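Residues per chain are reported as follows:
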Amino acid sequence: MSAEYEVHGDVAVITMNNPPVNGLGYATRAAITRGLDQASADASVKAIVVTGAGKAFSGGADITEFGTPKATAEPNLHSVIRAVENCDKPVVAAIHSVAMGGGLELALGCHYRIAAPGAKIALPEVKLGILPGAGGTQRLPRVLGVETALNMIVSGEAVNSELLAQQPGQKLFDRMAGSAESLLEDAIAFARSVAAARPLPLVRNLPCKHPLGDAYFQFARNMVKGMAKNLPAPAKCVDAVQAATQGRFEEGLAKERELFVQLMLSPESRALRHIFFAERATSKIPDVPPDTPQRDIRSVAVIGAGTMGGGIAMNFLNAGIPVTILEMKQEALDRGVATIRKNYEGQVKKGKLKSDKYEQRMGLLKTTLDYQDLKDADLVIEAVFEEMGVKRQVFEKLDQVMKPGAILASNTSTLDVNEIAGFTRRAQDVVGLHFFSPANVMKLLEVVRGAKTGKDVMATVMSMAKKIKKTAVVSGVCDGFIGNRMVEQYGRQAGFLLDEGATPQQVDKAIERFGFAMGPFRMGDLAGNDIGWAIRKRRALERPGMLYSRTADKLCEMGRFGQKTGAGWYDYQAGKRDAIPSAQVEKMIEDHRKELGITPRKISDEEIVQRLVFALVNEGAHILEDGIAARAGDIDMVYLTGYGFPLHRGGPMLYADEVGLFNVVQAMKRFQRNPRDDAKFWEPAPLLARLAAEGKTFN
Ligand code: T1G
């Protein structure tokens, strides 16, 4: 099926119907061309309307077909658009809700376009690391002008239909419908009104020029270069649009095609397409059906008004959900509320938040010193000191006070959620909600599923996470869940590299060239080296004999906690954040090597990157084997949204697939032979070893 054909009097209506967003998959493309043929052959049909069923006109090419023969099987999208242009009867695109990518390109091939207000119009291909590949870079500038079109193509952002319709001289929309409800009727009437109009207007025949010519495109190229460090697509978008102004339409189309194919094959595009699907897959829990009943979250309580508690509260205030924050002392409450206010006022000053919205959000915030005030909240999130004794007190109290059916969540970053659930008589209502600091900014939310956490609780918190615009990833219960368990191995390797001969700045620079915004040592100085120090001390009690470099402990013993103490792995000048290599730290490292009897060796950047990144990969493979994460893409999303893994690499697990698991295992065998490293750790996880041996990938 995937497109219906119906005749309304003398107007044929072709309705694309390929849920969920009318992706232009092979079957849909073929059905559209069949509809056009049918309409052309029917003498009683004077005009044709193309529209989409459900929640979109069309979300574009069917990205699930990418990389399969179906994606280019004839009629491919170019052929469908040519068939529309060559149709001997007027074809009117009736656009509602979403017209994106190939969907908009199809509409641009139509002779006329009518849109409902509020429709999201975009060419978002650049977000997938490609560019519009069915004439969008050639036709959109012809109907909106070069600058508006180029901005839309390079940003990939959606613009509302009525905004574009208001643009002087625009030729994108011939009409605006009264509403989405009246769109089809308006489109049929409009089609009837142009049924006899000849010649049929073609966007490809419109002129396309920029008054400043090449100078404008050079300016655009310079702008884009700064914005897209590691991604080739934006610059090629500029090239494609420039080609639209330089020659015949077909020549520009050929240039677009050439650039599209180049990008389609790029690792960066594979990474971004992987992220597109991985991000959507994280909310799917294999044993929790999508129709699992959810509990209403109409009000939230937060225990603790510190950095985390305040940030967590802001997420819900931003979503219009009332929050009551509880603290033990009034001054802690006052401090917490003052911090929330400061954050909002900062956003208002930057123009990111309207002041009436700020007041509205603060109006949703209540504070209390009395647990009794929390009893009616639907969800309570504990964000107190990371110590099991304190958690016990809080959860025993919550168990007494909270109404039946309330969800009790802990923001713990490593403690055992099952143990916490055991402090209550309602383990089925207990879940971990691990926010990342700053909690009102970081997108990642690790949802830690206890052994007894109810399926309805999981369904509720995953849907709630969407409402507060978080990327929620389900983690099982283990020390460090997904992200912190992996970052510990990353940190261990960073320490070993220092012992063996590298400097903090060499390690940081190498991994920053790989694409991380910050290497491990600059990151430690930013977050505070004492955080890891406390965890290592606790670990030493739980897992004595764990191998790691003592340099990080020695640094803390020197009181060098990082920027907050004016010195860490690097030196800092007062009030500045520039990381200055420290002679004192280098001496500490040299002395440490002498103590260990290590003769420092020259370590290549490649080895640095491989040991840091493959440490993540091996631990990630163990996490998959242990069932802590449901899929490799989930692990990628954790690292991309919570730990600054570079987007253009697609995440540690996808990067390993790109390198080839065979090569990853080969490298690990080399690391196992390094006497200064942890040979046991570099034993490839069984899953990794098996996939590598079978020539398979994680994703
Ligand atoms: N193809 C196939 N499936 C798609 C899809 C697409 N284009 N877009 C979305 N989906 C699926 C998505 O995976 C999810 O599936 C479901 O629809 C709901 O998505 C030649 C080559 C359209 C604004 O980049 O921006 O055209 O998880 O959760 O929030 O130039 O999806 O439910 O199984 O995002 O309402 C260009 C990408 C393609 C648009 C809807 N088009 N999609 O948002 O729902 S390349 C895009 C979106 C192209 C041509 C080139 C959004 C949306 P599931 P959702 P939503």
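Peer 1: Can you walk me through the overall build of the protein chain in this structure?
Peer 2: Along the protein chain, the regular secondary structure elements total 28 helices and 19 strands. Taken against the 2.2 N^0.38 rule, which gives 27 Å for 699 residues, the C-alpha radius of gyration of the protein chain at 29 Å falls within 12% of a compact globule. Overall, the protein chain is about 90 × 60 × 50 Å in size when its C-alpha atoms are taken along their principal axes. Across the 699 residues in the protein chain, those meeting the buried criterion constitute 55%.

Peer 1: Where do I start with the site of the ligand in this structure?
Peer 2: Contacts to the ligand come from 24 residues, most closely from Gly59, Gly102, Glu105, Glu125 and Lys284. Here Gly102 contributes a backbone N or O atom positioned 2.8 Å from an oxygen atom of the ligand. Within the side chain of Glu125, a nitrogen or oxygen atom sits 2.7 Å from an oxygen atom of the ligand. Contact with the protein chains hides 74% of the accessible area of the ligand, taken as 990 Å² for the molecule alone. Of all elements in the fold, only α3 (102–109) and α11 (267–281) reach the threshold of two or more residues within the shell around the ligand. A class-by-class count of the residues in the shell around the ligand yields 13 nonpolar, five polar and six charged.

Peer 1: How do you make sense of helix α27 (residues 661–672) when you look at a structure like this?
Peer 2: Think of an α-helix as 3.6 residues a turn; residues three or four steps apart then line up on the same face. Taking 1.5 Å per residue as the helical rise, α27 with its twelve residues ought to reach 16 Å, and the 16 Å between its terminal C-alpha atoms agrees with that figure. Residues of α27 that are buried include every one of Leu661, Val664, Val665, Ala667, Met668 and Phe671, and no others. Looking down the long axis of α27, one finds its buried residues gathered within 160 degrees of arc, a one-sided arrangement. Turning to α27, the residues buried within the fold contact α24 (605–625), α26 (652–659) and α28 (686–693).

Peer 1: Just to check I follow, could you spell out the sheet that holds strand β12 (residues 365–368) for this structure?
Peer 2: Two strands in a sheet stick together by hydrogen bonds in their backbones, pointing the same way (parallel) or opposite ways (antiparallel). An order of β12-β11-β10-β13-β14-β15-β16-β17 is seen for the eight strands of this open sheet, with the pairing classed as mixed. Pairing within the sheet leaves two strands with one partner each, and these edge strands are β12 and β17 (471–475). Within the sheet, the average angular offset between the axes of one strand and its neighbour, ignoring direction, is 25 degrees. Here strand β16 (residues 444–448) runs beside β17; their pairing, made up of five bridges, is parallel. Directly across from Val448, in β17, lies its bridge partner Ser475.

Peer 1: Whenever I open this one, the packing of helix α19 (residues 504–514) against α24 confuses me. Can you help?
Peer 2: Helix-helix packing is characterised by the crossing angle of the two axes and by the distance between the axes. Their axes nearest at 9 Å, the elements α19 and α24 cross at an angle of 75 degrees. Considering their axes alone, α19 and α24 lie roughly perpendicular with respect to each other. Only Asp605, Ile608, Val609, Leu612 and Val613 of α24 make contact with α19, whose side of the interface consists of Gln506, Val507, Ala510, Ile511, Arg513 and Phe514. Here the contact of α19 with α24 is composed, by residue class, of eight nonpolar, one polar and two charged.

Quick notes on the rules
Residues numbered from 1 in each chain as written. Predicted model: local features only at pLDDT ≥ 70, side-chain atom pairs only at ≥ 80, totals over all residues. Heavy atoms only, no water. Helix = DSSP H or I, 4+ residues; strand = E, 2+ residues; numbered from the N terminus. Rg over C-alpha atoms; globule rule 2.2 N^0.38 Å. Buried < 20%, exposed > 50% of the residue type's maximum accessible area, 1.4 Å probe, protein only. Near = heavy atom within 4 Å. Polar contact = N/O pair within 3.5 Å; in protein donor to acceptor, adjacent residues only side chain to side chain. Areas by Shrake-Rupley, 256 points an atom, 1.4 Å probe, with all protein chains shown as cover. Nonpolar A, V, L, I, M, F, W, Y, C, P; charged D, E, K, R; others polar. Expected span 1.5 Å × (residues − 1). Arc of directions from axis to C-beta. Contact = heavy atoms within 4.5 Å. Pairing = 2+ DSSP bridges. Axes fitted to C-alpha atoms, helices over the stretch in contact; angles between N-to-C directions. Parallel < 35°, antiparallel > 145°, perpendicular 65-115°, else oblique.

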